[in-house]
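Each chain is listed here by its residues.
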Amino acid sequence: MSYDSNNIFAKILRGEIPCKKVYEDDHVLSFHDIAPQAPAHILVLPKGPYRDMNDFAAKASPDEIAALFRAIGRIAKEQGLDETGYRVISNCGANGGQEVPHLHLHILGGRRLGRMVQAA
Ligand code: AMP
């Protein structure tokens, strides 16, 4: 499956749609989720055109991979989540429930998040 450059996060990365930016560097953009599911709900994206975790794990450079994970740690600290705890999720494909086909990781925190997976 190829990358769809019309997805909403591609438009945000190109500056065509606004976002509430949290962090940016050469490889990463992070912004608040538009429909937060916890007091803190922040999305972290690689800037490169990676569809999902499968695509990123196979094709991203070591610098891109390092930047993504360093950014998550930095954002968690800057948002005051490192002490209280938080959850990082990346939905992949149909069973994962991925809606936007540009890799993103959700940082969720600010309250006790409960069970990791809801009963089906
Ligand atoms: P996923 O189901 O993992 O693909 O998550 C997609 C997430 O993107 C959802 O939590 C949406 O609320 C969020 N989202 C969709 N459009 C926007 C937007 N324009 N700005 C910020 N977050 C968005």
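Going by the structure above, here's the rest.
Residues numbered from 1 in each chain as written. Predicted model: local features only at pLDDT ≥ 70, side-chain atom pairs only at ≥ 80, totals over all residues. Heavy atoms only, no water.

**Examining the site of the ligand**
Inference 1: Lining the immediate surroundings of the ligand are 16 residues, of which Asp-33, Asn-91, Glu-99, His-104 and His-106 lie closest.
Inference 2: Separating an oxygen atom of the ligand from a backbone N or O atom of Gly-97 is a distance of 3.3 Å.
Inference 3: His-106 places a polar side-chain atom, nitrogen or oxygen, 2.8 Å from an oxygen atom of the ligand.
Inference 4: If the ligand stood free it would expose 510 Å²; the protein chains cover 86% of that surface.
Inference 5: Of all the secondary structure elements, the ones that give two or more residues to the shell around the ligand are α1 (8-13) and β2 (28-32).
Inference 6: Taken together, the residues that form the shell around the ligand break down as eight nonpolar, six polar and two charged. (Near = heavy atom within 4 Å. Polar contact = N/O pair within 3.5 Å; in protein donor to acceptor, adjacent residues only side chain to side chain. Areas by Shrake-Rupley, 256 points an atom, 1.4 Å probe, with all protein chains shown as cover. Helix = DSSP H or I, 4+ residues; strand = E, 2+ residues; numbered from the N terminus. Nonpolar A, V, L, I, M, F, W, Y, C, P; charged D, E, K, R; others polar.)

**A word on the pattern of salt bridges**
Inference 1: For the structure on display, the rule yields seven salt bridges.
Inference 2: The partner of Glu-16 in a salt bridge is Arg-14, with the nearest N and O atoms 2.7 Å apart.
Inference 3: For Glu-16, a relative accessible area of 49% gives the class partly exposed.
Inference 4: For Arg-51, the salt bridge goes to Asp-52, with nearest N and O atoms at 3.8 Å.
Inference 5: Judged by relative accessible area, Asp-52 falls into the buried class, the value being 6%.
Inference 6: Residues joined in a network through salt bridges with shared partners are Lys-21, Glu-24 and Lys-47. (Salt bridge = Lys/Arg side-chain N within 4 Å of Asp/Glu carboxyl O. Buried < 20%, exposed > 50% of the residue type's maximum accessible area, 1.4 Å probe, protein only.)

**Focus on the sheet that holds strand β4 (residues 86-89)**
Inference 1: The five strands lie next to each other as β1-β2-β3-β5-β4, forming an open sheet whose pairing is antiparallel. The outermost strands of the open sheet, each flanked by one partner alone, are β1 (21-24) and β4. Neighbour-to-neighbour, the strand axes of the sheet open up by a mean angle of 20°, direction not taken into account.
Inference 2: In this sheet, strand β5 (residues 105-109) lies alongside strand β3 (residues 40-46) in antiparallel orientation, the contact comprising five bridges. Its bridge partner lying in β5, Ile-42 is registered against Ile-107.
Inference 3: Along the sheet, helix α3 (residues 62-78) makes contact with β1, β2, β3, β4 and β5, crossing β3 at roughly 160°. (Pairing = 2+ DSSP bridges. Axes fitted to C-alpha atoms, helices over the stretch in contact; angles between N-to-C directions. Contact = heavy atoms within 4.5 Å.)

**As for α3**
Inference 1: The terminal C-alpha atoms of α3 lie 24 Å apart, and with 17 residues this matches the ideal 24 Å at 1.5 Å per residue to within 8%.
Inference 2: For α3, every residue scored as buried is listed here: Glu-64, Ala-67, Leu-68, Ala-71, Ile-72, Ile-75 and Ala-76. In an axial view of α3, the angular spread of the buried residues amounts to 160°, which keeps them on one side of the axis. Along α3, the residues that are exposed and aim more than 90 degrees away from the buried face are Pro-62, Asp-63, Phe-69, Arg-70 and Lys-77.
Inference 3: Trailing α3 by a residue or two, Gly-80 shows a phi angle of about 75°, which is positive. (Expected span 1.5 Å × (residues − 1). Arc of directions from axis to C-beta.)

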